[in-house]
Amino acid sequence: LLTGQTRQTDNTTATVAFSTELTEELSSLGHHQTIVFDRIITNVRDGYNKLNGIFTVPVSGTYTFTWMTQNQEGTYMVSELVVNNNQMGRIVSDAVGGERESSTTGIVVVRVWEDDLVWIRTNNPLGDHEVQLSSYYPSTFSGWLLFES
């Protein structure tokens, strides 16, 4: 028990965070096509590039990444979180046979290194379905540093 004393903490942990959304409707997306989230909500340390949709890791550590896809009725979509061309997580959003749009959220906690590349891409190996991302409820991609390593 500390009474009347102030405890000092070492606050040297870097702050890294970004949050983005897709403001335009996308259709006819191909296999392993990067989804470029064009609106930046926050971009602490400027790691996210809205021109190519890739987050470049500014500080090595363990990060949380999350993404949500919202696709049009009558379509389905498989998307994945990729680190340096390695799939780290995958989600399916299925609105086939329905009269409403569908959304799915993925979350991955992963250790990455400075200058690693992280992005969201489609996974449509057969090319047998129409992918159409909605702009009415924007799809999102976000990430933040939990702790440095």
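Note that the coordinates shown come from a computational prediction; the quantities given were computed from them, not determined experimentally.

Turning next to unusual backbone geometry. Keep in mind that most residues, glycine aside, have a negative phi and that most peptide bonds are trans. Positive phi, normally seen in glycine, also occurs at Asp46, with a value near 55°. Of the residues examined, Asp46 reaches a relative accessible area of 64% and is grouped as exposed.

Quick look at the packing of aromatic side chains now. Applying the stated rule across the entire model yields nine aromatic pairs. Ring geometry for Phe18 versus Phe141: centroids 5.0 Å apart, planes at 80°, classification edge-to-face. Taken as a pair, Phe18 in strand β1 (residues 17-21) and Phe141 in strand β12 (residues 140-148) lie far apart in primary sequence, 123 residues in all. According to the relative accessible area criterion, Phe18 is buried, its value standing at 2%. Judged by its relative accessible area of 0%, Phe141 falls in the buried class. Look at Tyr48 and Phe141: their rings are 6.1 Å apart centre to centre, the planes differ by 75°, and that puts the pair in the edge-to-face class. With a gap of 93 residues between them, Tyr48 in strand β4 (residues 48-49) and Phe141 in strand β12 connect regions that are remote in the sequence. Comparing Tyr48 with Phe141, the two get one shared label, buried. Through a chain of ring-to-ring contacts, the aromatic side chains of Phe18, Phe37, Tyr48, Phe55, Tyr63, Phe65 and Phe141 assemble into a single cluster.

Attention now moves to a nonpolar patch on the surface. Together, Val109, Trp144, Leu146 and Phe147 make up a nonpolar patch on the protein surface, roughly 380 Å² of accessible area in all. With three residues, β12 is the largest single contributor of residues to the nonpolar patch. Along the chain, Leu146 falls in strand β12. Given a relative accessible area of 41%, Leu146 falls into the partly exposed group.

Below, the discussion takes up the pattern of salt bridges. Tallied over the full model, the rule gives three salt bridges. Residue Glu80 pairs with Arg90 through a salt bridge whose shortest N-O separation is 3.3 Å. You can see Glu80 sitting in strand β7 (residues 76-83) and its partner Arg90 sitting in strand β8 (residues 86-94), a full 10 residues away along the chain. By relative accessible area, which is 1% here, Glu80 ends up buried. Looking at Arg90, the relative accessible area reads 46%, which means it is partly exposed.

All right, on to the nonpolar core then. With 26 residues, the main nonpolar core has Phe55, Tyr63, Phe65, Leu81, Val118 and Phe141 as its most contacted residues. Listing elements by their share of this core, those giving two or more residues are β6 (61-71), β7, β9 (102-112), β10 (117-122) and β12. In this view, Phe55 contacts Val16, Phe18, Gly47, Tyr48, Tyr63, Phe65, Asp116, Leu117 and Val118; residues no more than four positions away in its chain are not counted.

With that settled, consider the sheet that holds β10. If you trace the five strands from one edge of the open sheet to the other, you get β4-β5-β10-β7-β8, paired in antiparallel fashion. In this open sheet, the two edge strands, each paired with only one partner strand, are β4 and β8. As judged from the five bridges shared by β7 and β10, these two strands associate in the antiparallel manner. Within the sheet, the bridge partner assigned to Leu81 lies in β10 and is Ile120.

Thresholds, definitions, all that
- Residues numbered from 1 in each chain as written.
- Predicted model: local features only at pLDDT ≥ 70, side-chain atom pairs only at ≥ 80, totals over all residues.
- Heavy atoms only, no water.
- Buried < 20%, exposed > 50% of the residue type's maximum accessible area, 1.4 Å probe, protein only.
- Phe/Tyr/Trp six-rings, centres within 6.5 Å; stacked < 30°, edge-to-face > 60°.
- Helix = DSSP H or I, 4+ residues; strand = E, 2+ residues; numbered from the N terminus.
- Patch = residues over 30% accessible without salt bridge, like charges linked within 9 Å, V, L, I, M, F, W, Y side chains within 5 Å.
- Areas by Shrake-Rupley, 256 points an atom, 1.4 Å probe, with all protein chains shown as cover.
- Salt bridge = Lys/Arg side-chain N within 4 Å of Asp/Glu carboxyl O.
- Core = buried A, V, L, I, M, F, W, Y, C linked by side-chain atoms within 4.5 Å.
- Contact = heavy atoms within 4.5 Å.
- Pairing = 2+ DSSP bridges.

Any functional reading would require information beyond the geometric quantities listed.
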